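# Fold and geometry: a report
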Amino acid sequence: MTTTIAFNPDGKTPFSFQATVGGAKLFATVPYNLYANRYYVRLTDGQGRIVSYVPLIGSPDEFDINLALPYAPGSLVYRVSTNQFEAI
């Protein structure tokens, strides 16, 4: 089952959400880095350990770029066309 999360940052605080990826509950924070001029995705587990910290790379409609590789075959994808995260 795919869960979608609309990406609506407010520009004041990092965008955050919870999702289940590959059967594991993950907590995501999406901060903006002024120096790099881009967003990053920080994923932590239930104990607060960082499991992934990667640049936010958008996926086209015909191809998935998994932002949560440690939890493959589950995936977390940011879909550019819909401005949403998709968690599987």
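For the structure, see preceding data.
Each value, and the rule that gives it
Residues numbered from 1 in each chain as written. Predicted model: local features only at pLDDT ≥ 70, side-chain atom pairs only at ≥ 80, totals over all residues. Heavy atoms only, no water. Helix = DSSP H or I, 4+ residues; strand = E, 2+ residues; numbered from the N terminus. Rg over C-alpha atoms; globule rule 2.2 N^0.38 Å. Contact = heavy atoms within 4.5 Å. Lys, Arg positive; Asp, Glu negative; His and termini not counted. Charge placed at Lys NZ, Arg CZ, Asp CG, Glu CD. Phe/Tyr/Trp six-rings, centres within 6.5 Å; stacked < 30°, edge-to-face > 60°. Buried < 20%, exposed > 50% of the residue type's maximum accessible area, 1.4 Å probe, protein only. Salt bridge = Lys/Arg side-chain N within 4 Å of Asp/Glu carboxyl O. Polar contact = N/O pair within 3.5 Å; in protein donor to acceptor, adjacent residues only side chain to side chain.

What follows concerns the overall build of the protein. Looking only at helices and strands, one finds zero helices and nine strands in the protein. Mapped from its N terminus to its C terminus, the protein presents α and β elements in the order β-β-β-β-β-β-β-β-β. A compact globule built from 88 residues should have a C-alpha radius of gyration of about 12 Å, and the protein, at 12 Å, falls within 12% of that. Taken over the C-alpha atoms alone, the protein extends approximately 35 × 35 × 20 Å along its principal axes. Long-range contacts, defined here as pairs at least 24 residues apart, represent 30% of the contacts in the protein between residues at least 6 apart. Across the protein, the 6 positively charged side chains and the 6 negatively charged ones have centroids separated by 12 Å.

Another point: the packing of aromatic side chains. Within the structure shown, the criterion is met by nine aromatic pairs. For the pair Phe7 and Phe15, a centre-to-centre distance of 5.1 Å together with 85° between the ring planes defines the contact as edge-to-face. Classification of Phe15 as buried rests on a relative accessible area of 13%. Centre to centre, the rings of Phe17 and Phe85 are 4.8 Å apart; their planes meet at 35°, and the pair counts as tilted. One end of the pair, Phe17, is in strand S2 (residues 15-21); the other, Phe85, is in strand S9 (residues 84-87), with 68 residues separating them in the sequence. Its relative accessible area of 10% is what places Phe17 among the buried residues.

Overall, the coordinates contain three salt bridges when judged by the stated rule. We note a salt bridge from Arg79 to Asp64, for which the minimum N-O separation is 2.6 Å. Here Arg79 is found in strand S8 (residues 76-79), whereas its partner Asp64 is found in the loop between strand S7 (58-59) and S8, with 15 residues between them in sequence. Measuring nitrogen to oxygen at the nearest pair gives 3.0 Å for the salt bridge that ties Glu86 to Arg79. The network of salt bridges with common partners includes Asp64, Arg79 and Glu86.

This next bit is on the environment of Asn83. Take Asn83: it is sitting in the loop between S8 and S9. Sequence separation of Asn83 and Ile5 is 78 residues, and the distance between their C-alpha atoms is 8.8 Å. When near neighbours in sequence (up to four residues on either side) are disregarded, Asn83 contacts Ala6, Phe7, Asn8 and Tyr78. A distance of 2.9 Å separates a polar side-chain atom of Asn83 from the backbone oxygen of Phe7. A polar contact of 2.4 Å, which involves the side chain of Asn83, links it to the side chain of Tyr78.

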